[in-house]
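# Coordinates in review
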Amino acid sequence: MTAAERWRLRASLEERVRELAAAYRHAHAPLTPDRLVGGIGYRWRAAALAGRDGLLERRSRTVVVAADQAAARRRFTLAHEVMHHLIEQDGELLSDLHEAYEGAALERALERLCNLGAAEMLLPASAVRRALVEAGPNPRLIWELAERHGVSEAVAGIALAGALGPRALAAVWGGRPLVLYHGHGPGAPARGSVLPDDHLLAQVRASGLPHRGPLRLPSGAHAPSAWARARAGRVYLLAPEVEGGG
Ligand SMILES: [Zn+2]
């Protein structure tokens with residue numbers, strides 16, 4: 001397979017995983033935890049899981065989720081495990097996946113595809129695009145979409161960055177001092193990294209006033225048209241285009 005063919009195969013895998021997830025949502029909505037796993041004939045229970053979020057217990061047809069997860073996180077974990085099952089059951093998808101990736105890269109790709117499918121299941125790309133058309137790249141969409149669809153702000157950020165394009169960044173800071181809670185896209189600082197007090201984004205929180213315009217990110221990357229706002233002690237950022245973020 002040439003590099004171009006492999007790239008096309010990988011892109012088509014993503015597309016088909018999204019379609020699989022969307023079809024599952026249409027068939028089983030509303031996706032309460034019971035209905036989420038019921039669609040594949042499974043039940044679910046919470047248990048102490050060392051170092052992982054969830055797993056499929058095939059013999060008892062049960063999805064086990066880590067006991068310490070909040071409701072939104074638990075739904076995402078259930079959807080992720082359901083995606084594992086759906087991909088396993090799809091012979092063609094599975095064989096293309098093995099053609100497109102191998103070894104450790106295959107494992108990583110599978111996890112990423114299950115996250116992609118879970119996000120599409122719970123927060124449809126069509127709803128994200130509609131919200132962006134109505135509101136523009138407004139960072140309030142991060143908390144609004146999370147609340148409206150019962151997902152975490154991290155999932156809403158992934159979906160928004162995905163809908164805005166490959167150079168887009170979505171990020172949320174919080175705590176004292178301000179640290180990065182989650183960021184997706186080029187130029188995203190490391191999770192947990194501290195934002196200096198004199199940074200523009202720290203001033204957005206201190207003043208409560210939004211910032212709209214160019215922004216130099218702590219990573220050194222530059223966003224020509226960033227939009228940041230503060231809410232409940234957090235700072236939310238959406239930037240449709242980031243330059244020099246790697
Ligand atoms: Zn997984």
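Throughout, residues of each chain are indexed from 1 in the direction in which the sequence is written. In keeping with the predicted nature of the model, local features appear solely for residues at pLDDT of at least 70, side-chain atom pairs appear and are counted solely at 80 or more, and the whole-chain, interface and lining totals rest on all residues. Think of the side-chain values as coming from all heavy atoms in the structure, minus any hydrogens and water.

This brings us to the overall build of the protein chain. Within the protein chain one finds nine helices and eight strands. Dimensions of the protein chain along its principal axes, counting C-alpha atoms only, are 55 × 45 × 35 Å. Taken over 246 residues, the protein chain has a buried fraction of 44%. Counted over contacts in the protein chain with a minimum sequence separation of 6, partners at least 24 positions apart contribute 51%. Strands are runs of DSSP state E lasting at least 2 residues, helices are runs of H or I lasting at least 4, and numbering of each runs from the N terminus. Under the scheme applied here, a residue whose accessible area is under 20% of the maximum for its type counts as buried, over 50% as exposed, and between as partly exposed, the area being computed with a 1.4 Å probe on protein chains only. Whether two residues touch is decided by their heavy atoms; if any such pair falls within 4.5 Å, the residues are in contact.

Moving on, we get to the sheet that holds strand E6 (residues 211–216). Spatially, the five strands line up as an open sheet ordered E5-E4-E8-E7-E6, and their pairing is antiparallel. The outermost strands of the open sheet, each flanked by one partner alone, are strand E5 (179–184) and E6. The mean angle between the axes of side-by-side strands here comes to 25°, regardless of whether they run parallel or antiparallel. For strand E4 (residues 169–174) and strand E8 (residues 234–239), the ladder comprises five bridges, and the chain directions are antiparallel. For two strands to be treated as a pair, DSSP must find at least two bridges joining them. What counts as an axis is a line fitted to C-alpha atoms, over the stretch in contact for a helix, and the angles between N-to-C directions run from 0 to 180 degrees.

Salt bridge, as applied in this entry: a Lys or Arg side-chain nitrogen positioned within 4 Å of an Asp or Glu carboxyl oxygen. This model, assessed by the stated rule, comprises ten salt bridges. Across the pair Arg148 and Glu144 runs a salt bridge whose closest N-O atoms are separated by 3.7 Å. Taken together, the residues Arg148 and Glu144, both in helix H7 (residues 140–149) and four residues apart, mark about one turn of the helix. Classification of Arg148 by relative accessible area gives exposed; the value is 55%. With a relative accessible area of 22%, Glu144 lands in the partly exposed category. If you follow the salt bridges from partner to partner, you end up with Arg140, Glu144 and Arg148 in one network.

Moving on, we get to the nonpolar core. Side chains of a nonpolar character, in soluble globular proteins, are inclined to be buried together. Among buried residues, those of type Ala, Val, Leu, Ile, Met, Phe, Trp, Tyr and Cys that are joined through side-chain atoms within 4.5 Å constitute a nonpolar core. One finds Ile87 and Met121 to be the most contacted residues of the largest nonpolar core, which totals 54 residues. Considering every element that reaches this core, the biggest residue donor is helix H5 (residues 103–122), with ten residues. Judged by nonpolar contacts, the second largest core, of 19 residues, contains Leu217, Ala221, Ala223 and Ala239.

Before going further, it helps to spend a moment on the domain arrangement of the protein chain. These domain limits were set by an automatic method or by a database of domain assignments. Under the domain assignment used here, the protein chain contains domain 1 (3–122) and domain 2 (125–239). Summarising the inter-unit geometry, the C-alpha centres of domain 1 and domain 2 are found 26 Å apart. Between domain 1 and domain 2, the contact holds six residues from the first and six residues from the second. Throughout, the accessible surface (probe 1.4 Å) given up by two parts as they are put together, summed over both, is called the buried area. Interface area for domain 1 against domain 2, summed over the two sides, is near 540 Å², with a carbon-plus-sulfur share of 56%. At the boundary of domain 1 with domain 2, the tally comes to zero salt bridges. Pairs of N or O atoms within 3.5 Å make up the polar contacts considered here, provided that, within protein, one atom can donate a hydrogen while the other can accept it, and that residues adjacent in sequence are counted only when both atoms are side-chain atoms. At the junction of domain 1 and domain 2, the tally comes to three residue pairs in polar contact (both at pLDDT 80 or more). Those elements that provide at least two residues to the side of domain 1 that touches domain 2 are helix H3 (71–89) and H5. Under the scheme applied, nonpolar residues are Ala, Val, Leu, Ile, Met, Phe, Trp, Tyr, Cys and Pro; charged residues are Asp, Glu, Lys and Arg; polar residues are all the others, including Gly. Split by residue class, the side of domain 1 that touches domain 2 holds four nonpolar, no polar and two charged.

A few words now on the environment of Ala119. Within the secondary structure, Ala119 is located in helix H5. Classification of Ala119 as buried rests on a relative accessible area of 11%. Considering only alpha carbons, one finds Ala119 and Ala23, 96 residues apart in sequence, at a separation of 13 Å. Contact partners of Ala119, with chain neighbours within four places excluded, come to Phe76, Pro124 and Val155.

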